[in-house]
Amino acid sequence: MQSEVMFAGFGGQGILLIGKILAHAAMEEGFEVAWIPSYGPEMRGGTAYCLVVIGDRPIGSPIIKNPSHLVAMNRPSLEKFAPVIKPGGVILNNMSLISIDSGRADVDELKVLTAELAADVGNAKASNIVALSAFVARSKLVSLDTLKHCIEEEFAKRPKLIPLNLKAMDAGIQAAQ
Amino acid sequence: MPKVLMKGNEAIAEAAIRAGCLNYFAYPITPQSEVAEYLSWRMPEVNGVFLQGESEVAVSYMIFGAAGAGVRVFTTSSSPGISLMSEAISYLCGAQLPAVFVNIMRGGPGLGGILPSQADYLQATKGIGHGDCRLLVMAPASVQEAAEMVMTAFPLAEKYRNPVMILGDGLIGQMMEPVEFPDQLKSEASNKDGWATNGMDHRGSTTRNLVKSLFLDAEQLNDNNLILRAKYERMKKEDVRWECWNTEETYDALIVSYGTMSRVCKTAISMLKEEGIEVGLVRPQTLFPFPEQAVRQAAQKEGCRVVLSVEMSMGQMVEDVERCVQGALPVKWYGKCGGDVPTPEEIIDLVKTTLSSL
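Owing to the predicted nature of the structure, the values given are computational and were not obtained by experimental measurement.

Visitor: What exactly am I supposed to notice about the pattern of salt bridges here?
Guide: One side chain can pair with another of opposite charge once the charged atoms of both are near each other. Going through the model one piece at a time under the given rule, you end up with 27 salt bridges over all chains. In this structure, Asp-101 of chain A and Lys-111 of chain A form a salt bridge, with 2.5 Å as the shortest nitrogen-oxygen distance. Taken together, the residues Asp-101 of chain A in the loop between β5 (90-94) and β6 (108-112) and Lys-111 of chain A in strand β6 connect sequence positions 10 residues apart. The salt bridge partner of Lys-236 of chain B is Glu-233 of chain B, with a shortest N-O separation of 3.2 Å. Remark: Glu-233 of chain B and Lys-236 of chain B occur in helix α8 (residues 218-238); sequence separation between them is three residues, near one turn of the helix. Among the charged side chains, a network of salt bridges with common partners joins Glu-14, Arg-18, Arg-42 and Glu-45 of chain B.

Visitor: Looking at this model, I keep getting lost on the sheet that holds strand β13 (residues 306-311) of chain B. Mind explaining?
Guide: One key point about sheets: their strands pair by backbone hydrogen bonds, in either a parallel or an antiparallel sense. Residues and elements named next belong to chain B. Here we have five strands laid out as an open sheet, ordered β9-β11-β10-β13-β14, and mixed in their pairing. Strand pairing shows two members of the sheet lacking a second neighbour, β9 (242-245) and β14 (331-335), which therefore form its edges. Neighbouring strand axes in the sheet, compared pairwise and without regard to direction, differ in orientation by 20 degrees on average. Strand direction decides the pairing type here: β13 and β14, joined by five bridges, are parallel. Within the sheet, the bridge partner assigned to Val-310 lies in β14 and is Tyr-334. Its contacts with the sheet place helix α11 (residues 317-325) against β10 (253-256), β11 (279-284), β13 and β14, and it is angled at close to 160 degrees to β13.

Visitor: Looking at this model, I keep getting lost on unusual backbone geometry. Mind explaining?
Guide: Most peptide bonds take the trans form, and the phi angle of most residues other than glycine is negative. All names here are of chain B. Put simply, Thr-30 and Pro-31 share a cis peptide bond, and its omega is 5 degrees. Here Pro-31 lies in the loop between β2 (23-26) and α2 (33-45). In this structure, Arg-161 takes a positive phi of about 45 degrees despite not being glycine. Positionally, Arg-161 belongs in the loop between α6 (143-160) and β7 (164-169).

Rules and cut-offs
- Residues numbered from 1 in each chain as written.
- Chains lettered and ligands numbered in written order.
- Predicted model: local features only at pLDDT ≥ 70, side-chain atom pairs only at ≥ 80, totals over all residues.
- Heavy atoms only, no water.
- Salt bridge = Lys/Arg side-chain N within 4 Å of Asp/Glu carboxyl O.
- Helix = DSSP H or I, 4+ residues; strand = E, 2+ residues; numbered from the N terminus.
- Pairing = 2+ DSSP bridges.
- Axes fitted to C-alpha atoms, helices over the stretch in contact; angles between N-to-C directions.
- Contact = heavy atoms within 4.5 Å.

In structure tokens form, the structure reads like this:
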């Protein structure tokens, strides 16, 4: 059994970070994981995406044509990747920046106002954590306890940011229900 | 030590420290700059030396100096940077000095691009520098294997008194995977007093050791080359490494592939299996010495009709594969080298098209 999650948006949204948190959480739960960034000549405001592969057996190809799930943080990402997601997957649509649907009837599309929810709990910059948490709550790829633990660890060197991000996590979980 | 999630570049850096290498000189270049970034703070923690040189040429001769003085030393770079170091690598081979070079390959030639590539295969295995010099070249396919190969590379470099290269593609450096390190730091291993210019006082000797690659006398130079040749032959006997995959039963085709590309091939082979098409894989873990016998034997297996060399280059390793197969079967090449790694679907198409064309 293997799942692949494409995280996509623009540089500065914390795309690579939430991919890393998911990969870390899956590793903590005993899965094989690989986190594969796009590392082309990118810049702030340019495209940024990473793929997280989670499996119960050693991971073969880090190159995946049709990922299982998508977390799309801006419109170009949704337009680019929604058509290639496997049927039955979860597509998180960041409604704060995206005014269209994925156009897929065979996936579970979860629309979340990530920036507004993050602003409500203290800072719109935490919209990436809102998106990640909503996605995990819906896809159930890892447990919410492990996710919480890994968010805390990610911000361990900047503990002031932990309460904000945990609130953002709760907001994301609620949005997925 | 528990598993940690690390980029290949970071794992390479930590592995070197855990292998007891406390000297790192480098010049940054994508896609391997995280090694330098990591060691810029990590080396001081273990009282090691981190030094960013003014160029790859300078760095390569800092390596020469440190290796000559008998300490463990390594550097990391990417394709154009390795080209700049190639003169010193030849000098290191000639002077019989151990050092470790990591090449996280990007596309070429020239400045090329920064995306993953395997197009330095011929350079690393056959043409790293002028003269009859060779490197022992290891090719990791995962972050864990990259770390393990780095830790193996130092003792191997000392065993042969010859530089060792870790040849990874950009994805091996950039990808994060869980990695486990041994708890203990390994201390400086072999005794280098016999040849290193490490001072006479501590060894109570009145003879100076001399490190050089200049032999103006024809006979002496030929002798030095015979010594080197004997070492390269010994590498072929003692330190060739490979992995065979899906080769227990019969198969219609054999793929030879290494690094990230071999993982894509494994996935393709698993998918083909579901359709009833069997394909074997030989994954060289050392590129020099090349697993000649393993490739030859796998190609000779009853039922195998074709051998495919799948690589992120325009056809380099295929020359070694052809050499091993010795005309017994058709050998085909498939590859790309702009930075897009071929997908499993492409490999599946390749296998099907090739088999139906025979």
